[in-house]
Amino acid sequence: MKLPMYLGLLHKAEATLARSYRQIAEGHGAEPDIHFLCLTLAKQCDAHQQALQPVVARYGEVSEDDEPERLHADGLTETRSGPVGLLRDLQDLYLLANLVDITWTMVQQAAQGLRDTELLDVVGRCESEASTQLRWLTTRMKQAAPQALIAAD
Amino acid sequence: MVDRITDIWGTRTPFARGESWPVRVDQLLADGVGEADVDRWVQSACVLCSNGCGMDIAVKDGAMVGVRGRAVDAVNQGRLGPKGLLASWQGVATKERLTRPMIRENGRLVETDWDTAMERIVARSRSLLADKGPLSHAFYTSGQLFIEEYYALGVIGKGGIGTPHMDGNTRLCTATAAAAMKESFGSDGQPGCYTDIDECDALFLYGHNMAETQTVLWSRVLDRVTGPDRPAVVCVDPRETEVARLADVHLALKPGTNLALMHGLVRELFAHGWNDEDFVAHHTLNVEELSAAVQPWTPEEVARTCGVEADDVRRAAGIFGTSRRVVSTVLQGFYQSSQATASSCQVNNLHLLRGMIGRPGCGILQMNGQPTAQNNRECGADGDLPGFRNWENPDHVNELAALWNVDPQVIPHWAPPTHAMQIFRYAEQGSIGFLWISATNPAVSMPELPRIRKILASPGLFVVVQDLYMTETAQYADVVLPAAGWGEKTGTFTNASRTVHLSDQAVEPPGEARSDLDIFLDYSRRMDFRNKGGAPLLDWVGPEDAYRAWQDCSRGRPCDYTGISYSKLRGGSGIQWPCNEEHPGGTKRLYGDGIFPSNPDYCETYGHDLLTGATVGPQAFRAMAPAGRALFKTAPYSPPHEEPDADYPFRYTTGRTVYHFHTRTKTARSKPLNRAAPDAWVELSVSDAGRLGVAEGDIVSVRSRRGEIVVPARVGDIRSGTVFAPFHYGYWDECGSPDGRPRAANELTMTDWDPVSKQPVFKSAAVHVERVAAGAGPSAAPTTTASRPASAGSVPVTVGGPEAQAQETFAPEALPAGSAGTVSAGPVLGAAVPATTVGELS
Ligand code: SF4
C-alpha cells in the first residue's frame, strides 16, 4: 500500500508551507494583512500536521519516496521586495498551497476507498482550510496585481 | 433652561413599551437672540453623529443664530444633544474658516484664486493619467458629505477616471457594519429602526457607548428605562460607561476578545434550545457549521479567555434567549477591534437563531458613527459600487455603465476596491501619486500617525485637501480648497436607521468657499470627462440634479430612493428607504417577510471567508443556492495580534467623549464643548495607578512600538490592565505638530485591519505606561461620563455655564392648561407626561 508514502508527502508539504508562510510574514512585515494572516495560516498548517499524527501512527509514514522527485518544492527561504516581489512571493506560496490541497484530495480518495472514518474526519477538517488558503492567496494576488504590474515603478 | 453640558441627555420623559416617545423640543439661540428676532427657520438635520436628528436652523440677518429640534421627525421627536445644540452652527460660523484656495509655492501654502488652484490640480491629474494611468489616482473622502457629493465623486472616480482607489474615512467607522450585513443578509441595509427601542423587552449594546456617541438615542433608552416596564439592558464594554452603569449585566471583557464572548452567547442559545427552529429551517443557511464552530465555547471557556464571570455570560445569554423582543446595537467596540466582522456577524446570528428580525422591538442596529457614512456606502465614493451593486457581478457593472453611458471596462471591477489602508500603502510605495482628501483629517484619525505624516509629506505625492479648516492634514497639502459647510449648501443624507433627511442652505458660505459638489463638478468639467456619446459625464447644475441622478441609480436596488423627492422631504419627518411605488411612505423595518437580499443576481456580495477575507466567488455562492435566505457566517476565535508582554504590559484602547466629534474641528470651536473637554488624557484603573505611583492629573508617558503620547492621567473606572485614550485630540490648536507634547491617541495604534471589512484595529495594542511628572491639578477629562474619576468629588464637576443653557418644550397638550409649554430644568416631568405624538410645534 502506498498511502504511507502519500501521508509522508502531505506531512512534508504542510511543513514546507508552514515554513514558507512564516518566511513571507517576516519578509513582508510592511504589509500587515499579509504578515498577520501568514502567521495565522502557518499555525493552521502546524495543526494539520498534528491532526495527521494519529493516522500516521496507524499506517506509518514513508518519507523516502520511491518515485523520483522531478519537481522540487523546497519552500521559500528568502523573500523578494517591492510590489512585484510581493506578488511573486504570493504566487510561490500559491504553488505550495496547491500541492498541499491536491495531496489532501488524493489522501481523501484513498480514505474513501479504505472506508477509514478517522482519516475522512481529519481530511474533512483540514482540506477545507487548505482550499480557503488558496482562495485567500488568489483574492490577495488579484488585488495586488494591477497596481504592481501597471502603476508601480 | 437646562445646562446641556451637565445634563447631557436633558429632562426625562418616561414612557412604557409600545407607547410613542413623547415629544420634547430642544432649542438654543445665540446669546441675545430671542425667538421673535429670528428671520426664518430653515429645515435641516444634525451632522455631528450618525443619529441624524431633524433640526431647524434659525437665521437672522443672513447668519445662523440657533437651532431647534424638529418635533415631527421620527428620529428625535424634537430632541437635540449637546453637540447638535452647541456645535452645529457654532462649529462652522467662525473666523478661522478657510475662505480662499491655497497652493504650495516654495514649500509654503499661499492664497490664490480658484482658477489657479483648480488648474494646478487638473495639470497634475492629466499628466499622471497620461504617464501612469488611472491607478495613480486615489480619492479619500468622508462620512460628512451629502448624497449628491458622494455620487458625483463616485461617478467621476469610477466612470470618469476609472480608479479602484476610492474610499472614505467610513472605513475607520462603519465599514464593519456594512460588511457584517453583507455577509449575513447579502447586502448592506439596516434591518431595524429606532422605534424598536420603544417596543423592546431587552436591549443589548455591544461595544456601543451610546450614551456618549448618540446622545439622543440614549435619551430614548433612558426614557424607556425610567418608564413603567423597564427593558433589561446588557452591556459589552471594557469601560464603566454610562451604559454599563445602567446595565443589568455588564460584560467588561478584555479588549480584543469579542468573538470568544459572542461564540459563548451563541452556544448558550443552542445548548438551551432557545432557537426558533422553524425560522432557522426556512430562512437561513449553514446552521450546522455555526453550531459546530461555537461548541468549545462554554461559559467557563469564555470566562478564561475574556476575563468575565461565567455566570454573567449565562445571565446575558438567558436574557437574549428568553426575552420576547430584543434590540441589539453594535458600534466601535466591535468594529474597531480584532475579528470585527466575525464578531458583528455573531450579533446578526443571535437574532437569526431566534427569528428576531423585521418585527417591532426585534431590531438589529449595526450602527454608524458619522452622519452620512451610510451614503458613502450607498453612492460609491468608497469601496462599493453605487446602489449596493456587486463588483463581481458583470450585470451590475453593465447597469452602471448603461446609466452613465460609459464603457463597462472603465468601471474598476476586476478586483476588490482598494480600501483606505491600502491606498495609503500604495501612496507610501509611490504607485499612487495623486491623493484627493475631502472632509477628513487622516493626520489625526488614522492609525500609526508617525507613518501617516511621513506618507503625506512624501515629495512624490500630490495632495489635495478640501475642508472647512486648516487641519493637521491640510498642512501637508499641495492644494487646499475651501469648502462650504453645513447650513451653507443644500443636500440630503441618511442616518443609521435608513432615514433620509434634507438639509437646506440657510446662509452663504464665507469668502470664496464652495460646496463640495460644486468643486467636484468643476473638476469634472475642467478634466473634460465625457460619456460615450461625447456629452459631459456630469451635466448637473445643482444638488437637485445630482439627487435625481442618484434616485435613478438606486432604482430597484435595496436602497431605493425613487419615492423620496426633495419636496417630499420638506416639511415632515425624514423618510426611511426603500421608498418607491411599492412603499410610498418608506419602510420602517427590513426583512419582516424573512426574505433576504441574498439572491445571487441581486446581492451586493458573494461573501468572504471571515477568518482570511478570501472571496467566496460567484460559482460557490450560487452553488449554496441561498435563494433569499440569510447566511450564518463565523470564524474561529484568534487572539489579538499584539498582546501585552513584559515590555508593553498594558492593553491600549481608544474612543470618544460625548463633547467632541472626530478631530474636534467643529466641537473645539464651541466654547462650552471645548471647556468641557479641553485637552487629552489617558484613563488608568485605581489599582494600576497605585502600582505605577500615578495620582490623578499626573503626567504620564504612554508608549507603544510605534510612538508615544505624554498626557495627564485620569484615575478612573476602567478595567485593570487596560488604558484608554480619547482619539479627538491632535495638534491644530497646539503648535501644529506633536513636537514637545504628543497627545494624539493614534500615535500609538497599529497598522492592522479586519480581513473582511478592512476596518483598522484601533482598539487593541500593547503599551507601556510610566509617570513622568506631577500634574498641575486634576486632568481635564469630563466628570459626567465614562471618564469620571474613580473617587467622586475629587475633581471639579464638568459644567457648561450660560452658553450651554438650552430650552426644552414638551408636548403642549401634555402640560397643564395655561402653561406656555416651556419648562425649566428641574424635577423629572416624568410619568406625568402622557405619551402622545403631536404635530410640529412652532
Ligand atoms: S444625537 Fe447626534 S445627530 Fe442628534 S443632536 Fe446629538 S450629535 Fe446631533
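Residues numbered from 1 in each chain as written. Chains lettered and ligands numbered in written order. Predicted model: local features only at pLDDT ≥ 70, side-chain atom pairs only at ≥ 80, totals over all residues. Heavy atoms only, no water.

**Some remarks on the overall build of chain A**
The condition is simple: Runs of H or I in DSSP of at least four residues are treated as helices and runs of E of at least two as strands, each being numbered from the N terminus. This radius of gyration counts C-alpha atoms alone. The globule rule is 2.2 Å times how many residues there are, raised to the power 0.38. By definition, residues are in contact when any of their heavy atoms lie within 4.5 Å. Accessible surface area values rest on a Shrake-Rupley calculation with a 1.4 Å probe, where residue burial reflects the displayed protein chains alone. In this tally, Lys and Arg are treated as positive and Asp and Glu as negative; His is ignored, and so are the chain termini. Taken as the charge centre is NZ of Lys, CZ of Arg, CG of Asp or CD of Glu, depending on the residue.
In terms of regular secondary structure, chain A is built from four helices and zero strands. In sequence order, chain A lays out its α and β elements as α-α-α-α. In terms of overall dimensions, chain A is globule-like: its C-alpha atoms have a radius of gyration of 17 Å, near the 15 Å expected for 153 residues. For chain A, restricting intrachain contacts to residue pairs at least 6 apart in sequence, the fraction spanning at least 24 positions comes to 80%. Carbon and sulfur atoms make up 53% of the accessible area of chain A, which totals about 7600 Å². Across chain A, 14 positive and 22 negative side-chain charges occur, with their mean positions spaced 3 Å apart.

**Considering the overall build of chain B**
Scanning chain B from terminus to terminus reveals 27 helices and 30 strands. The C-alpha atoms of chain B give 25 Å as radius of gyration, which agrees with the globular expectation for 842 residues (28 Å, within 12%). For the C-alpha atoms alone, the extent of chain B along its principal axes is close to 65 × 65 × 65 Å. For chain B, the distance from the average position of its 78 positive side-chain charges to the average position of its 98 negative side-chain charges is 1 Å.

**Remarks on the sheet that holds strand β15 (residues 364-366) of chain B**
All names here are of chain B. Worth spelling out the cut-off: Only strands joined by at least two bridges in the DSSP assignment are considered to pair. An axis is simply a line fitted to the C-alpha atoms; with a helix, the fit covers only the stretch in contact. Between two such axes, the angle follows the N-to-C directions and lies from 0 to 180 degrees.
On the basis of which strands lie adjacent, the open sheet formed by five strands has the order β12-β11-β10-β14-β15 and parallel pairing. Two strands in the sheet have a free side with no partner beyond their single neighbour: β12 (249-251) and β15. For this sheet the average axis-to-axis angle between neighbouring strands, irrespective of direction, equals 10°. By the bridge criterion, three bridges tie strand β11 (residues 232-236) to β12 in an arrangement that is parallel. Across the sheet, the residue bridging to Val236 is Leu251, located in β12. Together, β10 (202-206), β14 (326-330) and β15 form the strand contacts of helix α16 (residues 340-353), whose direction differs from that of β14 by roughly 170°.

**A closer look at the interface of chain B and chain A**
For clarity, the cut-off: Once two parts are brought into contact, the accessible area they lose, counted with a 1.4 Å probe and summed over both, makes up the buried area. Throughout this description, the term salt bridge denotes a Lys or Arg side-chain nitrogen within 4 Å of a carboxyl oxygen of Asp or Glu.
Facing the 25 residues of chain B at the interface are 24 residues of chain A. The largest contributions to the chain B side of the interface with chain A come from Lys132, Leu135 and Thr612 of chain B, which together make up 21% of the buried area. Counting the contacts that link chain B with chain A gives two salt bridges. The shortest N-O distance in the salt bridge between Glu31 of chain A and Arg425 of chain B comes to 2.7 Å.

**Looking at the environment of Thr163 of chain B**
Residues and elements named next belong to chain B. Cut-off, in case you're wondering: The buried label applies to any residue whose accessible area, calculated with a 1.4 Å probe on protein chains only, is under 20% of its type's maximum; exposed applies above 50%, and partly exposed to all values in between. In protein, a polar contact means a hydrogen-donor-capable atom and an acceptor-capable atom, both N or O and within 3.5 Å, with residues adjacent in sequence counting only if both atoms are side-chain atoms; elsewhere, any N or O pair within 3.5 Å suffices.
Position of Thr163 among the secondary structure elements: in the loop between α3 (147-161) and β9 (166-168). Taking the relative accessible area as the measure of exposure, Thr163 reaches 0% and is therefore buried. In the structure, Thr163 is positioned 245 residues away from Pro408 in sequence and 13 Å away in space, judged by C-alpha atoms. When residues no more than four places from it in sequence are discounted, the contact partners of Thr163 are Pro134, His137, Phe139, Gly157 and Pro412. A distance of 3.5 Å separates a polar side-chain atom of Thr163 from the backbone oxygen of Pro134.

**A closer look at the site of the ligand**
Residue and element names in this part refer to chain B. The test is simple: Near, as used in this document, describes a residue that has one of its heavy atoms within 4 Å of the molecule or strand being considered. Side-chain classes are defined by residue name, with Ala, Val, Leu, Ile, Met, Phe, Trp, Tyr, Cys and Pro counting as nonpolar, Asp, Glu, Lys and Arg as charged, and the others, Gly among them, as polar.
Taken together, Cys46, Leu48, Cys49, Asn51, Gly52, Cys53, Leu80, Gly81, Lys83, Gly84, Thr215 and Val216 make up the full set of residues adjacent to the ligand. When residues of the shell around the ligand are traced back to their parent elements, those giving at least two are α1 (82-87) and α8 (215-225). Considering only residue class, the shell around the ligand consists of six nonpolar, five polar and one charged.

**Points about the nonpolar core**
Filter applied, for reference: The term nonpolar core refers to a set of buried residues drawn from Ala, Val, Leu, Ile, Met, Phe, Trp, Tyr and Cys, joined through side-chain atoms within 4.5 Å.
Among the nonpolar cores identified, the biggest contains 214 residues, and Ile121, Tyr206, Trp436, Leu481, Tyr523 and Tyr652 of chain B are the most heavily contacted of them. Sorting elements by how many residues they give to this core places α3 of chain B first, with eight residues. Setting aside residues no more than four positions away along its own chain, Tyr523 of chain B makes contact with Met118, Ile121, Val122, Ser125, His137, Phe139, Ile156, Ile161, Phe434, Trp436 and Phe529 of chain B. Grouped together as the second largest cluster of nonpolar side chains are 43 residues, Leu37, Leu76, Leu90 and Val123 of chain A included.

**Some remarks on the sheet that holds strand β20 (residues 499-503) of chain B**
Residue and element names in this part refer to chain B. One open sheet accounts for three strands, arranged β19-β20-β21; its pairing is antiparallel. Across the chains shown, the open sheet's two edge strands, defined by having one partner strand only, are β19 (491-494) and β21 (575-576). Bridging between β19 and β20 involves four bridges; their strand directions are antiparallel. Looking at the pairing, Phe493 lines up with His501 of β20.

**Here's the deal with helix α4 (residues 117-151) of chain A**
Residues and elements named next belong to chain A. Put simply, the test is: A helix is expected to span 1.5 Å multiplied by its residue count minus one. What we call the bend at a residue is the angle made by axes fitted to the seven residues finishing there and the seven residues starting there.
The end-to-end C-alpha separation of α4 is 51 Å, in line with the 51 Å expected for 35 residues at 1.5 Å each. Its axis deflected by about 35° at Ala144, α4 carries its strongest bend there, up to four residues before the proline Pro146. The N-cap of α4, judged by a side-chain oxygen 3.1 Å from the amide nitrogen of Glu118 a few residues on, is Asp116.

**Examining the packing of aromatic side chains**
Residues and elements named next belong to chain B. Put simply, the test is: Two rings from Phe, Tyr or Trp (for Trp, the six-membered ring) form a pair when their centres sit within 6.5 Å of each other. Planes less than 30 degrees apart are called stacked, planes more than 60 degrees apart edge-to-face, and all others tilted. Both a distance and an angle decide whether a charge sits over a ring: NZ of Lys or CZ of Arg must be within 6 Å of the ring centre and within 35 degrees of the ring normal.
By the definition in use, this model includes 24 aromatic pairs over all chains. Both rings, one in Phe434 and one in Trp436, keep their centres 6.4 Å apart while their planes meet at 65°; by these two values the pair is edge-to-face. The same class applies to Phe434 and to Trp436, which are both buried. Aromatic ring contacts, followed pair by pair, group Phe139, Phe434, Trp436, Phe462, Phe520, Tyr523 and Phe529 into a single cluster. When the ring centre of Trp21 is taken as origin, the NZ or CZ atom of Arg79, which lies over that ring, is 3.8 Å away. Sitting over the ring of Tyr602, Arg557 keeps its end group 4.8 Å from the ring centre.

**Quick look at the domain arrangement of chain B**
Residues and elements named next belong to chain B. Under the convention used in this document: Either an automatic procedure or a domain database provided the assignment from which the domain bounds are taken.
If you check the domain split of chain B, you get domain 1 (26-97 + 822-841), domain 2 (102-173 + 372-576), domain 3 (175-367 + 597-631) and domain 4 (650-805). Centre-to-centre separation of domain 1 and domain 2, based on C-alpha positions: 30 Å. Buried surface at the junction of domain 1 and domain 2, both sides included, amounts to about 2100 Å², of which 55% is carbon and sulfur. For domain 1, the biggest contributors to the area lost against domain 2 are Gln43, Val47 and Arg97; these three give 34% of the whole.

**Some thoughts on helix α19 (residues 420-429) of chain B**
The element α19 of chain B is largely enclosed, with a buried count of eight among its ten residues. A positive phi of about 90° marks Gly430 of chain B, the residue just after α19 of chain B.

**Re unusual backbone geometry**
All names here are of chain B. Between Trp577 and the following residue, Pro578, the backbone shows a cis peptide bond with an omega angle of -5°. Inspection of the secondary structure assignment puts Pro578 in the loop between β21 and α25 (618-624). Phi at Asp61 takes a positive value of approximately 50°, unusual for a residue other than glycine. Inspection of the secondary structure puts Asp61 in the loop between β4 (54-60) and β5 (63-69).

**A look at the side chain of Ser343 of chain B**
Residues and elements named next belong to chain B. Relative to the assigned elements, Ser343 resides in helix α16. Of the polar contacts made by the side chain of Ser343, one reaches the backbone nitrogen of Leu259; its length is 3.5 Å. At a separation of 2.7 Å, a polar atom in the side chain of Ser343 contacts the main-chain carbonyl oxygen of Gln339. Other than its neighbours up to four places away in sequence, Ser343 contacts Asn258, Leu259, Met262, Phe334 and Ser338.

**As for the side chain of Thr13 of chain B**
All names here are of chain B. Counting through the fold element by element, Thr13 comes out in the loop between β1 (2-3) and β2 (24-29). Within the structure, Thr13 has its side chain in polar contact with the side chain of Arg79 (distance 2.9 Å). In this structure the side chain of Thr13 is engaged in a polar contact, spanning 2.7 Å, whose partner is the side chain of Asp223. Ignoring anything within four residues of it in the chain, the contact list for Thr13 reads Trp21, Pro22, Arg79, Asp223 and Phe810.

**Quick look at the environment of Leu120 of chain A**
All names here are of chain A. Mapped onto the secondary structure, Leu120 falls in helix α4. On the accessibility criterion, Leu120 (27% relative accessible area) is partly exposed. In sequence terms Leu120 and Ala110 are ten residues apart; their C-alpha atoms lie 9.3 Å from each other. Ignoring sequence-local partners within four residues, the contact set of Leu120 consists of Gln108, Ala111 and Gln112.

**A few points about the packing of helix α2 (residues 32-59) of chain A against α4 of chain A**
All names here are of chain A. Note the cut-off: When an angle is under 35 degrees it counts as roughly parallel; over 145 it counts as roughly antiparallel; between 65 and 115 it counts as roughly perpendicular; any other value is oblique. Should the near helix be turned anticlockwise from the far one by less than a right angle, the crossing is termed left-handed; should it be turned clockwise, right-handed.
Closest axis-to-axis distance for the α2/α4 pair is 10 Å, and the angle between their directions is 160°. It follows from the interaxial angle that α2 and α4 lie roughly antiparallel. For the pair α2 and α4, the sense of crossing is left-handed. Classifying every residue of the contact of α2 with α4 by side-chain character gives 14 nonpolar, three polar and five charged.

**As for the state of the cysteines**
Defined simply, a disulfide is a covalent bond joining two cysteines at their sulfur atoms. Quick reminder of the rule: For this text, the term disulfide refers to a pair of cysteine sulfurs within 2.5 Å.
Evaluation of the coordinates by the stated rule reveals zero disulfides over all chains. The closest cysteine sulfur to the non-disulfide-bonded Cys362 of chain B is located on Cys200 of chain B, 9.2 Å from its own sulfur.

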